[in-house]
Amino acid sequence: MEPLQILSFLGIGALLGAAGQGARALVGIKKNFKKKEKWFDLKRLIVSLIIGAVAGTLTSIFLIDEPINKTLLLSLVASGYAGTDVIESFVRKHIKHPN
């Protein structure tokens with residue numbers, strides 16, 4: 001694979017991972033809106049989209065030799081949706097937050 005193809009594949013992974021996290025964020029926003037809580041936090045949304053992009057990029061690294069098809073693209077979206085939970089759990093467990 002050429003370097004430009006690799007970068008393109010990683011970019012697709014980041015974009016689709018962020019899209020998967022965006023779908024997850026919409027579900028959360030809808031749930032909070034129904035509860036009449038503070039339903040939107042732009043900073044948290046941006047951070048979660050970045051985390052989804054990271055999850056999609058990591059997944060694309062592992063799938064770099066696979067042919068691009070519908071299943072692969074849906075896998076990258078799913079990695080952003082589910083991978084964000086894994087990354088957020090790891091950060092909460094291993095990084096101390098100042099109070």
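In this text, all values refer to a predicted model and were calculated from it rather than measured experimentally. (Residues numbered from 1 in each chain as written. Predicted model: local features only at pLDDT ≥ 70, side-chain atom pairs only at ≥ 80, totals over all residues. Heavy atoms only, no water.)

1. Remarks on the overall build of the protein
To keep things clear, this is the line we draw: Per the convention used, a helix needs a DSSP run of H or I reaching at least four residues, while a strand needs a run of E reaching at least two, with both numbered from the N terminus. Partly exposed residues are those whose accessible area sits between 20% and 50% of the maximum for their type, while under 20% is buried and over 50% is exposed, using a 1.4 Å probe and protein chains only. Contacts are assigned to residue pairs that have any heavy atoms within 4.5 Å of one another. Methods summary: accessible areas were calculated by the Shrake-Rupley approach with a probe of 1.4 Å, and residue burial reflects only the protein chains presented.
For the protein, the helix and strand inventory stands at three helices and zero strands. In sequence order, the protein lays out its α and β elements as α-α-α. Projected onto the principal axes, the alpha-carbon positions of the protein cover approximately 50 × 30 × 20 Å. Sorting the 99 residues of the protein into buried and exposed places 26% on the buried side. Pairs at least 24 apart in sequence give 80% of the contacts found in the protein among residues at least 6 apart. Of the roughly 7,300 Å² of accessible surface on the protein, a fraction of 68% belongs to carbon and sulfur atoms.

2. Examining the environment of A25
Along the chain, A25 turns up in helix 1 (residues 3-34). Taking the C-alpha atoms as reference points, A25 and Y81, 56 residues apart in sequence, are found 8.9 Å from one another.

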